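Structural overview
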Amino acid sequence: MSNTTTSKKTPAAYNYVDSRVGFSAALKRNLRKVFPDHWSFMLGEIALYSFIILLLTGTFLTLWYKPSMTEVIYNGSYIPLKGIPMSEAYSSTLEISFDVRGGMLLRQIHHWAALFFIAAMVVHLLRVFFTGAYRKPREFNWLLGIALLTLGLLAGFSGYSLPDDLLSGIGLKIAAGIIQAIPVIGTWALYFLFGGEFPGTEIIPRLYSIHILLIPGAILALVTAHLLLVWTQKHTQYPGPGRTEKNVVGYPLLPVYTAKAGGFFFIVFGVTTLLGALVAINPIWLYGPFTPDQVTAGSQPDWYIGFLEGSLRVMPAIEFNIFNTWTFSPNILIPALILPGLMFVLMGAYPFIESWITGDKREHNLLDRPRNAPTRTALGTMSLTFYILLWIGGGNDIIATTFSLSINSITYFMRVALIALPPLVFIATKRICLGLQRKDLEMLLHGKETGRILRLPDGGFVEVHEPVSEAELPKLLARETYPVWELPQKVDANGIKTPHYHRQMFKARMSAWWTKGDLPIPTAKEIQAGQHHAYEALEQASEFGVKPGKEEIVSATNH
Amino acid sequence: MTEKFDINNTFDPDKENQAPKISKEVATKLPTAAKGVDHYLRRTDTDSKAARRAELQVAALFGASSFFTLVFLVSFVAIPREKKIAVSLIGVTGAQNLVLGVSFGFAILLIGIGAIHWAKKLMSDVEIVQERKEIKPADDVQQEALAAFRVGTEESGIGQRKLIRRSLLGALALFPLPFVVMLRDLGPAPKGELRKTAWEEDLHIVTDITYQKIRPEDIPVGNLVSAMPENIMEIQEEEQNLNERGKSAILLVRMRPEEIKSQQGPDWDYQGIVAYSKICTHVGCPIALYEQRTHHLLCPCHQSTFDLSDSGQPIFGPAARRLPQLAITVDEEGYLIARQGFQEPVGPSFWERGA
């Protein structure tokens, strides 16, 4: 390739820039960089593109929005609120919605993009988890992802509060209530954040600076690091023909990936814009201005705060008085601070825990099929069940009114379900994974079922199996098992105590739990024999005149 | 091609027994022609007419995008801002917002669809293979990097010159302190404001909408009235914030006196009218859903339920404490007044609250 390029004349403009920047080497290396193709790799892209849309529309919104809690009398073109006292923040949001041409559209695109941003991050996280993409060398990127999700939630919540409407104000009030429940420093933290009591006049300007400067700046920095790591480590790929741990199979950056990924940005942006045009979201003008003594029934936060809302709702009323001097509120602290803290810490620690249990310190570039890591997959679905239950718990009032159920019964059910259901889901998932593994094993050792029944000359029936195609084979062969750690002896044969005996014992137990039920990996000989047998069976079938895919039942004696 | 069946992954050192390989003999006998990556030619690869058609489609998509941008520009000036139109499924909506949004949306979307259509139909779809380089640099590179670092630090003398090192560390540790200290003025020190409300003896109870004084006969049995202390607007004016509204809001409920099972103080009601703080003792949402028959009050945020006929005790949900009750009576003109302030802090828990 270099021969053909040097023979051509370098364009003057290119030469001008290159002799000042010197980017030719980087371009040569990267322009044909290969990216593997799979629909599930688009999820992270959706998150990235939503973030870009948020930056674009958000910048426009700042041109008209006024982050101020000064009271004004509304005099804009939305008639029902004319003459009503409200904060400048709320009135300027109404102005954007009703007096700036295209302002409503910008607001709605911004809100939709925010919902997609976090949804895409969550689904991307699930994809990365269930395929084991976080394994070495990508643990740092997993941590960056968790940090990005946290920042995304904070960005969402801080932005949600800015219009200062009744609904978002209630959200802030709940946040204030949680903050002031923190032991020892709670009241101080509340006063520092709000500049005094709730609501004060400081919180909106402060959230504004957090929302438009601090958080987006941090997200931008972390996203850059996230992408740089993807770039240098190269993307993972699913097992398939020609794909190994040491290569990448896919399309080059220029032109296919550029066209597809670039085009996909426009698709995400276009869909978000159409939603902003056609589907109303967060109609703040219907809620009215915030005042701390009013509330609307059926208040719901944006979807991503739903799990916290649910944990607050489902938590039983536990509160202590310590020496009649201090109030300690587990009914708030556990669901609102400890639980989400624990969830994020566990998520962050997970890759390291798993590699400690399995002892796997190798580099992984081929993704796991979820069935091939049953314990991990089961842990994932178990955690997901817990999260979804919390989320449903956050909508218990909506469920109660929609289906005419007792809200008390729903809440009691949730309390039990949160503890009982996840373990059941764990067991069920593990069984399903192992079942699917058996199916794969069956295909390797006996060939693929064709659904064609053959009646033999002696009257017996057999189903014709056919060999697995070469395209499918790598997928089926990708499973691996881990050795179980040996149970340590307290004292070895020479009477020397085993160092860290209890830690080793724990590790051995965890390892046994992790690998429990694993099917043996078939040997090459067994697979060959199985495939060969299937091939012969197919040949035999064609001798009897069975044409692939034609007859349901063929009587071999007819020929 | 045999490489792709090689699983370098297996743990067992006994490769013979573990790494499955399909022998050439079997592989050549496999019925389908699939060898490695299947690559099928597309119609656009073989049929120049199909390729030309795809080219026109892509160009049409890009052209339509430009058209929609023009629609946006025209409707920005042509459609009056206040014009409303009725659209099925959406309802009555601003015409301008709708047209601007739809045209802009398609202008963007069609670029995306065009680009992907182009990529799928006309760009080369042959998958290519690239080898991964090991991420960890070679040992000698690592050694050289570490050596460079050592030389650098040795030349600086930071290892030997403890005095410099320690004083630098001290200075670096101290210099951010001003930033931390300046955060002090984010808010005032708490002075027990969370314990206090505006309520005090003889203060009139007024509605929270018209700010009119209330007579007991204004509240029929079974009714619920949101109320405030009479000076709430003055306080709001003076403090220039809504803090007091968030603490002093109360609810008046009238029930038949015999329905009152208990109260927080003797005869704190007035002829069956009881007054309770409107602020939930869980995280502080205003409570407004009252069930007449049972006298239960439900918080719409987290469904804590309080029994107003029984001292405002929590009977369901995450709230652990009762709603504080306000003792009320009437003045000589017959208007409802507070007999005293709240006897306990209203609203959600805080550390210093105590019993």
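Residues numbered from 1 in each chain as written. Chains lettered and ligands numbered in written order. Predicted model: local features only at pLDDT ≥ 70, side-chain atom pairs only at ≥ 80, totals over all residues. Heavy atoms only, no water.

**Focus: the state of the cysteines**
Residue and element names in this part refer to chain B. Tallied over the entire structure, the rule returns one disulfide over all chains. In this model C285 forms its disulfide with C301; the gap between the sulfur atoms is 2.2 Å. Negative torsions about the S-S bond denote left-handed disulfides, and the value of about -100 degrees found for C285 with C301 makes this one left-handed. On the criterion of sequence distance, the pair formed by C285 in the loop between strand 7 (273–277) and strand 8 (289–291) and C301 in the loop between strand 9 (296–298) and strand 10 (305–307) is long-range, its members being 16 residues apart. Among the residues examined, C285 registers a relative accessible area of 1% and is labelled buried. Classification of C301 by relative accessible area gives buried; the value is 1%. (Disulfide = S-S within 2.5 Å. Helix = DSSP H or I, 4+ residues; strand = E, 2+ residues; numbered from the N terminus. Buried < 20%, exposed > 50% of the residue type's maximum accessible area, 1.4 Å probe, protein only.)

**Observations regarding the packing of aromatic side chains**
The final tally for this structure, using the stated rule, is 35 aromatic pairs over all chains. The interplanar angle of 80 degrees and the centroid separation of 5.4 Å between the aromatic rings of A:Y49 and A:F265 together place this pair among those described as edge-to-face. Here A:Y49, found in helix 4 (residues 42–62), pairs with A:F265, found in helix 11 (residues 253–278); they are 216 residues apart in sequence, far enough to count as distant. Each member of the pair, A:Y49 as well as A:F265, carries the same accessibility label: buried. Between A:F129 and A:F130 the ring centres are 5.3 Å apart and the planes differ by 90 degrees, which places this aromatic pair in the edge-to-face class. For the pair A:F129 and A:F130, a shared accessibility class is recorded, and that class is buried. Members of the aromatic cluster, joined through ring pairs, are A:Y49, A:F264, A:F265, A:F266, A:F269, B:F72, B:F76 and B:F104. (Phe/Tyr/Trp six-rings, centres within 6.5 Å; stacked < 30°, edge-to-face > 60°.)

**Points about the sheet that holds strand 4 (residues 205–207) of chain B**
Residue and element names in this part refer to chain B. The strand order 4-5-6-7-12 describes an open sheet built from five strands, whose pairing is antiparallel. Either end of the sheet is taken by a strand with one partner, and the two such strands are strand 4 and strand 12 (325–326). Taken together, the five bridges between strand 6 (residues 250–254) and strand 7 define a ladder with antiparallel strand orientation. Bridge pairing in strand 7 links V253 to V274. (Pairing = 2+ DSSP bridges.)

**Quick notes on helix 6 (residues 103–130) of chain A**
Residue and element names in this part refer to chain A. If you check helix 6, its first and last C-alpha atoms are 40 Å apart, about what 28 residues at 1.5 Å a residue would give, namely 40 Å. With respect to burial, helix 6 is a largely interior element, 22 of its 28 residues being buried. One or two positions beyond helix 6, positive phi appears at G132, with a value near 65 degrees. (Expected span 1.5 Å × (residues − 1).)

**With respect to the packing of helix 6 of chain A against helix 11 of chain A**
Residues and elements named next belong to chain A. The geometry of helix 6 relative to helix 11 is characterised by a closest axis approach of 8 Å and an angle of 125 degrees between their N-to-C directions. Relative to helix 11, helix 6 is oriented oblique. In the packing of helix 6 onto helix 11, the handedness of the crossing is right-handed. Across the interface between the two elements, L105, Q108, I109, W112, A113 and F116 of helix 6 pack against F269, T272, T273, L275, G276 and A277 of helix 11. When grouped by side-chain class, the residues that make up the contact of helix 6 with helix 11 number eight nonpolar, four polar and no charged. (Axes fitted to C-alpha atoms, helices over the stretch in contact; angles between N-to-C directions. Parallel < 35°, antiparallel > 145°, perpendicular 65-115°, else oblique. Left-handed = near helix turned anticlockwise from the far one by under 90°. Contact = heavy atoms within 4.5 Å. Nonpolar A, V, L, I, M, F, W, Y, C, P; charged D, E, K, R; others polar.)

**Section: the interface of chain A and chain B**
In this complex, chain A contributes 130 residues to the contact, which on the side of chain B involves 108 residues. Of the roughly 10,200 Å² buried between chain A and chain B, counting both surfaces, carbon and sulfur atoms make up 62%. Taken together, the links from chain A to chain B amount to five salt bridges. The salt bridge partner of A:D293 is B:R245, with a shortest N-O separation of 3.1 Å. The tally of links between chain A and chain B comes to 29 residue pairs in polar contact (both at pLDDT 80 or more). Across the side of chain A that touches chain B, the residue classes tally to 62 nonpolar, 43 polar and 25 charged. As paired strands, strand 4 (residues 247–252) of chain A and strand 3 (residues 128–131) of chain B are joined by four bridges and run antiparallel to one another. Bridging from a neighbouring strand, A:V249 pairs with B:V129 of strand 3 of chain B. (Buried area = accessible area lost by both parts, 1.4 Å probe. Salt bridge = Lys/Arg side-chain N within 4 Å of Asp/Glu carboxyl O. Polar contact = N/O pair within 3.5 Å; in protein donor to acceptor, adjacent residues only side chain to side chain.)

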